[in-house]
Amino acid sequence: MSQENRLILLEDISKDFDRHTVLSDINLYIKKNEFLTLLGPSGCGKTTMLRIIGGFEFPTTGRVLFDGKDITDEPPYKRRVNTVFQKYALFPHLNVFENIAFGLKIAKLPKAEITSRVGKMLELVNLLGYEKRSVDSLSGGQQQRIAIARALVNEPEVLLLDEPLAALDYKLRKGMQLELKRMQQALGITFIFVTHDQEEALTMSDTIVVMKDGLIRQIGTPKHIYDEPKDAFVANFIGESNIIRGTMPKDKLVRFCGLDFECVDFGFEKDEPVNVLIRPEDLVITDTDDAPLKGVVRSVIFKGVHYEMVIDAGNYLWKVHSTVMVPENSKVGLSVVPFNIHVMKLTDDELTGDEL
Amino acid sequence: MNAMNMPAWGIWLMALGLGIFIVMIILSLKKHRGVHRSLFAWPYSLWMIVFTVVPLFLIAYYAFTDKAGSFTLDNFKNFWDSNYEMKKQLIDMGFDVSAMELSDRGTVNVDTLVYSLWMAFKCTVICLAIGYPAALFMSDRNFKLGPTLIVLFIVPMWMNFLLRTIAWMTLLEDNGIINTLLESLGFGKLRLMYNSNAVLLGMVYNYLPFMVFPVYNSINKQDIKLSEAAMDLGADEMKTFTKVTFPLSIPGIVSGITMVFMPSVTTFFIPRVLGGGNTEMFGDLIERTFLTADNWNVGSALSLIMMVLILFSISLLRRVDPQGEGESLL
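Residues numbered from 1 in each chain as written. Chains lettered and ligands numbered in written order. Predicted model: local features only at pLDDT ≥ 70, side-chain atom pairs only at ≥ 80, totals over all residues. Heavy atoms only, no water.

**Quick notes on the sheet that holds strand E18 (residues 316-322) of chain A**
Residues and elements named next belong to chain A.
Alright, step 1. With antiparallel pairing, five strands are arranged side by side in an open sheet as E15-E19-E16-E17-E18. Strands at the two margins of the open sheet, each flanked by one partner only, are strand E15 (284-286) and E18. In this sheet, adjacent strand axes meet at a mean angle of 45° when their direction is disregarded.
Alright, step 2. The sheet contact formed by strand E16 (residues 293-302) and strand E17 (residues 307-313) spans seven bridges and is antiparallel. Among the inter-strand pairings, Gly 295 is bridged to a residue of E17, identified as Ala 313. (Pairing = 2+ DSSP bridges. Helix = DSSP H or I, 4+ residues; strand = E, 2+ residues; numbered from the N terminus. Axes fitted to C-alpha atoms, helices over the stretch in contact; angles between N-to-C directions.)

Below, the structure is given as structure tokens:
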């Protein structure tokens, strides 16, 4: 990646609130026109990180660079960044037009230009004709789109979005996900998106940053993070997973449930303890004869697209997704191709015995 | 009807109300087959009827009758011309009043009212000028002392209002604490008391909390995200205040103005203590008319005039804040 493409650079950022550390050792760059998602459970520091980029919090240590310029101490109104707040934070004393025009009026643009730009924005978010409405009279989804229009009308280089879809219902959220992605591609703006919803992150992002306890756990494309999670936490947080302890007798061979399996991972010490990840959709139900793992179906739940089954095999309850239903209590075999076995190093916590 | 038999028929009135109340409870219990929530509104309705609606009618009754109980507008004429009663008596005695040169023009009541309104206006403006910034600073989340200061604003209100005013006397007196201090520093004594500024000081001191609290509440309850959004959209601290914080605090200001202005107009006692009787206000005039002059009819007329004026000024305020929260005070 060439240096010029790095629009925002976070260098050794840490943040303490009253001696309580919420962020530490944050190093991250954000490329131009990228859709980057900060993903993690609540309390992982993702919102604080967004607020540091927006200028609402100042880091305890470290620097924020924007286009190569240090903006660590600059107030929000001097940054070429706009924010869509979690609960929208629309101005209740202003109508829809005045809300969207707020930033343009502050910038003292000519009236005709303000009117035309606000009009264009309302068109973009499909709310033409709502200019005179009071914001309290709008539905959650409409308020949300006004909040996006109010930020985008200023033509920021970066748009920050703090869980903007959290308050919407499922259908609306799905629609807005695609809408946001479309806007981002059409306008060519960098989006930094905060969410705890892994599906949302996978759907929209170019890059996902997985966070936990104020630390970045993994950075990568949605596919990379899903297929090659760095540790058990990331694997569990993104998608569903079977994680079992094992060892590596040698390269490309992993041992778990008392059996040796071929795999594609290498570079471990001999007999190094590891976590083995197998996604539920990668386990294949076969006849008992040819399968290395033999077990009994404990439960079957219909999930729409597939059946979710729990299969007791090799002293582990395997979660299996299959489009073919196998009745409860039937004896089955489980197999998995080497490519779908993913071996992960243990984290320091796991090595010292603290389970996740 | 005179003042002496008031308590007796007041008690009868309350007994009647209580009777109606009991009947209502029985009817309500029958109708809803059990306790209904509207039942609990009856004690308050009763209270309002006995102690608000009835007295209002009584004031109106007294204001439009003479001592004998027959209808008259003389009480209001007395307000307009304080010599009216005297002139009437002189005419009755056969004097030609128009030829007489009276020592005063009879405008004392009107003058007092105008003076009271002017004082109340000044008091409200000063309270707003002091109270708004105070409320603004105290509601700043980064200002850790804010909540403590708010409590300190409340503490004087735990003391009696008369006591608080008398306490100012010991400060402002010719031989009071301030003058003693000034003299010991070699500045010489100042005439601090017995003028309208001392009265104004006493009023501001007493009514300031009524400005600070509503304004503080209206700022404090604002979502901090709104100011952040303004800053995010390019507004600096000053613009954020003028475009967001201030407009959203207008309901608090309207409440504050109402809560300071109303008691300010009716202020009494403070002018007598700190103004030394040189600066009588309308509240004192009403009190004097009722208690010293023992004229309930003129006193009621004066009260009625003031009520109408207050109602008028509040309805003006409501235009500033059409959907606002200040109207709960009307």
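**So, the interface of chain A and chain B**
Accessible area lost on assembly of the parts is the figure often given for the size of an interface.
Alright, step 1. Every contact between the two is made by 20 residues of chain A and, on the other side, 17 residues of chain B.
Alright, step 2. It is A:Tyr77, A:His93 and A:Ile106 that lose the most area in chain A upon contact with chain B, and together they represent 34% of the buried surface on that side.
Alright, step 3. Seen at the junction of chain A and chain B, the total is one salt bridge.
Alright, step 4. Ionic pairing is found between A:Arg51 and B:Glu228, a salt bridge with its closest N-O pair at 2.8 Å.
Alright, step 5. Linking chain A with chain B are six residue pairs in polar contact (both at pLDDT 80 or more).
Alright, step 6. Listing elements by their share of the side of chain A that touches chain B, those giving two or more residues are strand E6 (81-84), helix H2 (96-106) and helix H4 (140-152) of chain A. (Contact = heavy atoms within 4.5 Å. Buried area = accessible area lost by both parts, 1.4 Å probe. Salt bridge = Lys/Arg side-chain N within 4 Å of Asp/Glu carboxyl O. Polar contact = N/O pair within 3.5 Å; in protein donor to acceptor, adjacent residues only side chain to side chain.)

**A short note on the pairing of strand E4 (residues 61-66) of chain A**
Residues and elements named next belong to chain A.
Alright, step 1. Two strands pair when backbone bridges link them, and strand E1 (residues 6-17) and E4 are joined in this way by five bridges, in the antiparallel orientation. Bridge pairing in E4 links Ser 14 to Thr 61.
Alright, step 2. Judged from the two bridges that link them, E4 and strand E5 (residues 69-70) form a sheet pairing that is antiparallel. Within the sheet, the bridge partner assigned to Leu 65 lies in E5 and is Asp 70.
Alright, step 3. Once E4 ends, the chain turns through two residues before running back antiparallel as E5, passing Asp 67 with a positive phi of about 55°.

**Some details on the side chain of B:Ser264**
Alright, step 1. Along the chain, the position of B:Ser264 falls in helix H11 (residues 237-265).
Alright, step 2. Leave out the neighbours within four places in its chain, and B:Ser264 touches B:Ala120, B:Cys123, B:Met203, B:Tyr207 and B:Met281.

**Considering the domain arrangement of chain A**
All names here are of chain A.
Alright, step 1. Each domain of chain A was delimited in the assignment, giving domain 1 (3-227) and domain 2 (242-351).
Alright, step 2. Here the C-alpha centroids of domain 1 and domain 2 sit 39 Å apart.
Alright, step 3. Taken together, the contact pairs four residues of domain 1 with four residues of domain 2.
Alright, step 4. In total, about 290 Å² of surface goes out of reach between domain 1 and domain 2, with carbon and sulfur atoms giving 31% of it.
Alright, step 5. It is Arg 217, Tyr 226 and Asp 227 that lose the most area in domain 1 upon contact with domain 2, and together they represent 96% of the buried surface on that side.
Alright, step 6. Inspection of the domain 1/domain 2 interface yields zero salt bridges.
Alright, step 7. Summed over the shared surface of domain 1 and domain 2, the number is two residue pairs in polar contact (both at pLDDT 80 or more).
Alright, step 8. Here the side of domain 1 that touches domain 2 is built from residues that sort into two nonpolar, no polar and two charged. (Domains from an automatic or database assignment. Nonpolar A, V, L, I, M, F, W, Y, C, P; charged D, E, K, R; others polar.)

**Points about unusual backbone geometry**
All names here are of chain A.
Alright, step 1. The residue Tyr 88 is not glycine, and still its phi comes out positive at about 75°.
Alright, step 2. Although it is not a glycine, Asn 315 sits at a positive phi angle of roughly 60°.
Alright, step 3. Positionally, Asn 315 belongs in the loop between E17 and E18.
Alright, step 4. Judged by its relative accessible area of 82%, Asn 315 falls in the exposed class. (Buried < 20%, exposed > 50% of the residue type's maximum accessible area, 1.4 Å probe, protein only.)

**A closer look at the packing of helix H5 (residues 108-138) of chain B against helix H9 (residues 196-220) of chain B**
All names here are of chain B.
Alright, step 1. H9 packs onto H5 with a crossing angle of 45° between their chain directions and a minimal axis gap of 6 Å. With respect to their mutual orientation, H5 and H9 come out oblique. Both H5 and H9 take part in a crossing whose hand is right-handed. (Parallel < 35°, antiparallel > 145°, perpendicular 65-115°, else oblique. Left-handed = near helix turned anticlockwise from the far one by under 90°.)

**Focus: the state of the cysteines**
Alright, step 1. According to the stated counting rule, one finds zero disulfides over all chains in the structure shown.
Alright, step 2. We note that A:Cys257 lacks a disulfide partner, and the nearest cysteine sulfur, in A:Cys263, lies 14 Å from it.
Alright, step 3. Note on B:Cys123: no disulfide assigned, nearest cysteine sulfur contributed by B:Cys127 at a separation of 4.1 Å.
Alright, step 4. By relative accessible area, B:Cys123 is classed as buried at 0%. (Disulfide = S-S within 2.5 Å.)

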